[in-house]
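The residues making up each chain are set out below.
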Amino acid sequence: MNDPYQVLGVPETATDAEVKKAYLNLARKYHPDNYHDNPLADLAQEKMKEINAAYEEINKRRSGRGSAGGAGGSAYGYGYGGGSSYQGGTSYRQGYGGYQQGYGRSSSSSVLQQVRMAINSGDLSRAEALLANYTDHNAEWNFLRGAVCYRRGWMDEAKRYYQTACQMEPGNAEYRQALDYMESGASGAYRPSGSPFGTEVCAANSMCLPLWCCVLPLCC
Amino acid sequence: MFGYVRPPLGQLPEEEQARFRAVYCGLCRTLGKRYGLAARFILNYDFTFLAILLSDGQEREAPCVRCPAHPLKKRACCPPDGAMELAADESVILAYWQLRDGVADHDWLHGLKYRSVSKVLEPAYRKAAAARPAFDESTRRQLRQLSELETEDCASMDRAADAFAALLAGAAKEVDDPVRQRVLEQLLYHLGRWIYLVDAADDLKKDARSGNYNPVALRYGLKDGAWTPESRHDFAQTLDHSIHMMATAFELWDFGCWRTILESTFYTGLFYVGGAVLDGTFQTAVRNRKKRKNVEDAT
């Protein structure tokens, strides 16, 4: 295992509070909610494991040497798939239940069930082919088309398919959550400063940097 | 590649500004060394960014050298390495095909400047294409697809942006480490999507006048290149989703000494440039800066 202090990016002399702060920041960054439906979620999951292990290791060492209770208990049950969910944050999306569950809800047909499995395993071409051959373009079909688009990076189309799914089946919580997320424009996403994420938020905020910061000439 | 990707240099410490300048000068020098003076003129911020993303993140000594653009004062300049050469080769290929695209888009008279510049760049392009045949092939394919979509007035901005995004993602194909390659592909895909969409938004008014293809105007049915509040909001959100994808990819690889510059770009710089483009103030700001710089240079 790597040096746990290096993993959390703090010196060995850091106080318990500093260790905890560094841990919480990293946990927010690599949290499943920040990598929801992200094609790189598996890499984030690895990171999360590493951070949790490092934090637990530091706590173990510190409680062993008899400092006052270590940096504050064990890892927060942050994690991918199962486990307790994150409670302390501000605007994280709940639901969807992490990656293990992903698109695992029961489908109205066996073909759409296969589409969900293909999306979960990252095989988008197969999911697309199955959807293309499925003639009943019902709410779930639209939702899954949206999910494939999102993973491909086709954000605008994803949103439009989710909208159609919600119009066809307004009471469905799964479709609603997906659309809500698209309509929030990732505004709850991690940002190092903790301030809100977004083009409009930042551009409208005069506290943000003035434009000249970005167009500063190099050769002056 | 249009020069939209900018770190908020004014907000960064002097040390980071100097580092960015050194890689900018380093890429220019590498272009000059490998391809001659003409190739130096393709240099821009976006290509500099490509060089940073492809770099191994190791801090290197940047010796001070004189260059044709600044004969009086020596400048710190990152030495060429494998990553810098890769960035230079890919930049030449991208720049060349974009010029050819300009030739195809215009009639004989208006295509004149594209034709003459691409002629000048042709020997450099031949050499670069021979060095990176796979990237040349994929760039050519994606740009052909893009021009087909433009001809048929494709109203899906995702589809049009995809052609350009996939092209940029192709720049990661030459990277060896499989994790790094996945991270870079995702990052470059969304960087390409963002660049393409921001460029289209920046051209809304111009394209409305000339009647040229504009995927953003078609998607939202904009008249005279003016945003409606709803379409503007919706468009900003779709940009934010791409920035989020870039930021999440960025956090999964250790970019070494470039961490601060990249972090400030993905979490701040892109928001600001996008916001200025939506407000219609970006072009003016860049022009004013250039003007002021020319005055400073002259005095």
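Keep in mind the model is a prediction, meaning the values are calculated, not measured.

Time to look at the interface of chain B and chain A. With 62 residues of chain B in contact, the opposing surface of chain A contributes 49 residues. Together, the buried faces of chain B and chain A total about 5,100 Å²; carbon and sulfur atoms form 61% of this surface. Applying the counting criterion to the chain B and chain A interface returns 5 salt bridges. We note a salt bridge from E251(B) to K29(A), for which the minimum N-O separation is 3.0 Å. Summed over the shared surface of chain B and chain A, the number is 22 residue pairs in polar contact (both at pLDDT 80 or more). Counting only elements with at least two residues in the side of chain B that touches chain A, the list comes to α1 (14–35), β2 (70–76), α7 (157–169), α8 (178–202), α10 (215–220), α11 (229–250), α12 (259–279) and α13 (282–298) of chain B. At 14 residues, α11(B) tops the list of elements feeding residues into the side of chain B that touches chain A. Looking at the side of chain B that touches chain A residue by residue, the classes come out as 26 nonpolar, 18 polar and 18 charged.

All names here are of chain B. Closest axis-to-axis distance for the helix α3 (residues 45–54)/α8 pair is 11 Å, and the angle between their directions is 165°. The pairing of α3 with α8 is recorded here as roughly antiparallel in orientation. For the crossing formed where α3 meets α8, the hand is right-handed. Residues D46, L50, L53 and L54 of α3 pack against R180, L184, L187, L188, L191 and I195 of α8.

Right, let's talk about the packing of aromatic side chains for a bit. All names here are of chain B. Per the stated rule, a full pass over the model turns up 21 aromatic pairs over all chains. A centroid spacing of 6.5 Å and a plane angle of 75° characterise the contact between F49 and F266, whose relative ring orientation is edge-to-face. Residue F49 is found in helix α3, and its partner F266 is found in helix α12; the two are separated by 217 residues along the sequence. There is no split in this pair, since F49 and F266 are both buried. Cluster of aromatic residues (ring-pair linked, three or more members): F49, F250, F255 and F266. Over the ring of Y45 we find R6, and its NZ or CZ is 4.3 Å from the ring centre. Geometry around Y35 places K127 over its ring, the cationic atom sitting 5.2 Å from the centre.

This part is about the environment of K60(A). Relative to the helices and strands, K60(A) is located in helix α3 (residues 41–64). K60(A) sits 43 residues away from A17(A) along the chain, and the two C-alpha atoms are 15 Å apart.

Here R160(A) is to be found in helix α8 (residues 155–168). When the C-alpha positions of R160(A) and R145(A) are compared, they lie 9.8 Å apart, and in sequence the two are 15 residues distant.

This paragraph deals with the confidence of the model for chain B. When pLDDT is averaged along chain B, the result is 86; 94% of the residues meet or exceed 70. Both scores are available for the predicted complex, with the pTM at 0.87 and the ipTM at 0.87.

Quick notes on the rules
Residues numbered from 1 in each chain as written. Chains lettered and ligands numbered in written order. Predicted model: local features only at pLDDT ≥ 70, side-chain atom pairs only at ≥ 80, totals over all residues. Heavy atoms only, no water. Contact = heavy atoms within 4.5 Å. Buried area = accessible area lost by both parts, 1.4 Å probe. Salt bridge = Lys/Arg side-chain N within 4 Å of Asp/Glu carboxyl O. Polar contact = N/O pair within 3.5 Å; in protein donor to acceptor, adjacent residues only side chain to side chain. Helix = DSSP H or I, 4+ residues; strand = E, 2+ residues; numbered from the N terminus. Nonpolar A, V, L, I, M, F, W, Y, C, P; charged D, E, K, R; others polar. Axes fitted to C-alpha atoms, helices over the stretch in contact; angles between N-to-C directions. Parallel < 35°, antiparallel > 145°, perpendicular 65-115°, else oblique. Left-handed = near helix turned anticlockwise from the far one by under 90°. Phe/Tyr/Trp six-rings, centres within 6.5 Å; stacked < 30°, edge-to-face > 60°. Buried < 20%, exposed > 50% of the residue type's maximum accessible area, 1.4 Å probe, protein only. Lys NZ or Arg CZ within 6 Å of the ring centre and 35° of its normal. pLDDT = per-residue confidence, 0-100.

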